[in-house]
Amino acid sequence: MTTEEQRQHEKLVAIGTELDDLYFSGRLDFDGFQALFHRALAVCGPDDDSVEMFCHFARGAGWWEWMMQELQKAASRCVA
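Read on for an overview of the structure. All of these numbers come straight from a predicted model, not from anything done at the bench.

**Looking at the pattern of salt bridges**
Right, so step 1: Under the defined criterion, the tally for this structure stands at 3 salt bridges.
Right, so step 2: For Arg 7, the salt bridge is made with Glu 4, and the minimal N-O distance between the two is 3.7 Å. Highlighted residues: Arg 7 and Glu 4, both in helix H1 (residues 3-24), separated by 3 residues, approximately one helical turn.
Right, so step 3: When its relative accessible area of 46% is taken as the criterion, Arg 7 is described as partly exposed.
Right, so step 4: Glu 18 is paired through a salt bridge with Arg 39; the nearest N and O atoms lie 3.0 Å apart. Of this pair, Glu 18 sits in helix H1 while Arg 39 sits in helix H2 (residues 30-44), and the two are 21 residues apart along the sequence.
Right, so step 5: The class for Glu 18 is partly exposed, based on a relative accessible area of 34%.
Right, so step 6: Using a relative accessible area of 38% as the deciding quantity, one classes Arg 39 as partly exposed.

Scoring rules and cut-offs
Each chain has its residues counted from 1, running along the sequence as written. The predicted origin of the model limits local features to residues at a pLDDT of at least 70 and limits the giving and counting of side-chain atom pairs to 80 or more, whereas totals for whole chains, interfaces and linings rest on all residues. Computation of side-chain values: all heavy atoms of the structure, hydrogens and water removed. The salt bridge definition used is simple: a Lys or Arg side-chain nitrogen within 4 Å of an Asp or Glu carboxyl oxygen. Counting from the N terminus, the helices are the DSSP runs of H or I reaching at least four residues and the strands are the DSSP runs of E reaching at least two. Only protein chains enter the accessibility calculation, which uses a 1.4 Å probe; a residue is then buried when its area is under 20% of its type maximum, exposed when over 50%, and partly exposed in between.

Structural data, given as structure tokens:
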């Protein structure tokens, strides 16, 4: 693993830890979910499987749909 990959991994672990903490404390709301998801996308991009960590937490009404729309928007900015 390169130094950059290690930094990316550490950032994603920190985001995942914050996501877990908010969820298990009962404080994960849609705004927090959105903010953490956008942070993760900024770190790894839409084509990285790391954003799958959000699937378990997308339980509120409309959360899943919002997440899928964000992934599609992010992917559409990628150049083939």
